[in-house]
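Close look at the chain arrangement
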Amino acid sequence: MNIPSELKYTKDHEWIKIEGDVATIGITDFAQSELGDIVYVEVETVDETLDAEEIFGTVEAVKTVSDLFLPLSGEIIEFNESLEDEPEKVNSDPYGDGWMIKLKCSDLSQVEGLMSDDDYKALIGA
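This one's a predicted model, so the numbers in the text were calculated from it and none came from an experiment.

Re the sheet that holds strand 2 (residues 14-19)
- Reading across from one edge, 1-2-3-9-8-5 is the order of the six strands in this open sheet, with antiparallel pairing throughout. What marks the edges here is a single partner per strand, and that holds for strand 1 (8-9) and strand 5 (49-50).
- Of the pairings in the sheet, the one linking strand 3 (residues 22-27) to strand 9 (residues 101-105) comprises four bridges and is antiparallel in character. In the sheet register, Ile25 faces strand 9, and the bridge partner there is Ile101.

Considerations on the UniProt feature "domain: Lipoyl-binding" (unreviewed entry) in the protein
- Using the residue numbers shown here, the UniProt feature "domain: Lipoyl-binding" (unreviewed entry) corresponds to residues 22-104.
- Along residues 22-104, the helical share is 18% and the strand share 42%, with 5 Å between the first and last C-alpha atoms.

Quick look at unusual backbone geometry
- Phi is positive for Asp47, which is not a glycine, with a value near 75°.
- Topologically, Asp47 is positioned in the loop between strand 4 (38-42) and strand 5.
- Residue Glu53 is not a glycine yet carries a positive backbone phi of 80°.
- The topology assignment puts Glu53 in the loop between strand 5 and strand 6 (55-61).
- With a relative accessible area of 47%, Glu53 lands in the partly exposed category.

Some points on the side chain of Thr28
- Here Thr28 shows up in the loop between strand 3 and helix 1 (29-35).
- In this structure Thr28 comes out as buried when scored by relative accessible area, which is 0%.
- With residues near it in sequence (within four places) discarded, Thr28 still touches Tyr9, His13, Glu14, Trp15, Pro94, Tyr95 and Tyr120.

Re the nonpolar core
- Among the nonpolar cores identified, the biggest contains 26 residues, and Val41, Phe56, Met100 and Ile101 are the most heavily contacted of them.
- Among residues more than four places away in sequence, those in contact with Ile101 are Ala23, Thr24, Ile25, Val43, Phe56, Leu70, Ile76, Glu78 and Phe79.
- Ranked by size, the runner-up nonpolar core spans ten residues in total, among them Tyr9, Trp15, Phe30 and Tyr120.

Things to note about the pattern of salt bridges
- According to the stated counting rule, one finds six salt bridges in the structure shown.
- A salt bridge links Lys104 to Asp21; the shortest N-O distance between them is 2.5 Å. With a gap of 83 residues between them, Lys104 in strand 9 and Asp21 in the loop between strand 2 and strand 3 connect regions that are remote in the sequence.
- For Lys104, a relative accessible area of 38% translates into the label partly exposed.
- A relative accessible area of 30% places Asp21 in the partly exposed class.
- Two residues, Glu86 and Lys89, come together in a salt bridge whose shortest N-O distance is 3.6 Å.

Definitions and cut-offs
- Residues numbered from 1 in each chain as written.
- Predicted model: local features only at pLDDT ≥ 70, side-chain atom pairs only at ≥ 80, totals over all residues.
- Heavy atoms only, no water.
- Pairing = 2+ DSSP bridges.
- Helix = DSSP H or I, 4+ residues; strand = E, 2+ residues; numbered from the N terminus.
- UniProt positions renumbered as here; feature names shortened; annotations may be inferred.
- Buried < 20%, exposed > 50% of the residue type's maximum accessible area, 1.4 Å probe, protein only.
- Contact = heavy atoms within 4.5 Å.
- Core = buried A, V, L, I, M, F, W, Y, C linked by side-chain atoms within 4.5 Å.
- Salt bridge = Lys/Arg side-chain N within 4 Å of Asp/Glu carboxyl O.

So, in structure tokens, the structure goes:
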């Protein structure tokens with residue numbers, strides 16, 4: 001199970017990479033493996049400002065549809081549009097080409113409430 005140590009994580013299986021006040025967000029390797037083959041990623045919240053824990057989109061796999069929860073408050077400034085044609089990138093490269101959104105964070109102190117890689121490993125029993 002790939003769980004990069006430089007990222008932050010949520011109990012909802014999202015990963016977060018912070019660069020200045022912009023966060024890149026996707027789902028974890030564990031999440032994509034549990035979902036199975038991902039066939040569609042929907043994010044219709046670009047240019048919207050949402051609070052942490054609000055739903056920012058959905059990911060559809062062959063077996064199920066799952067909501068995507070925003071780990072931090074802020075404005076969604078970008079969606080990875082390559083996922084419209086190649087949603088399988090979430091399966092093949094969840095921490096790279098399979099990223100989902102970029103968020104301009106409105107409160108960076110919320111980062112302190114996110115999980116470390118060790119916390120996340122404990123959550124999933126890795």
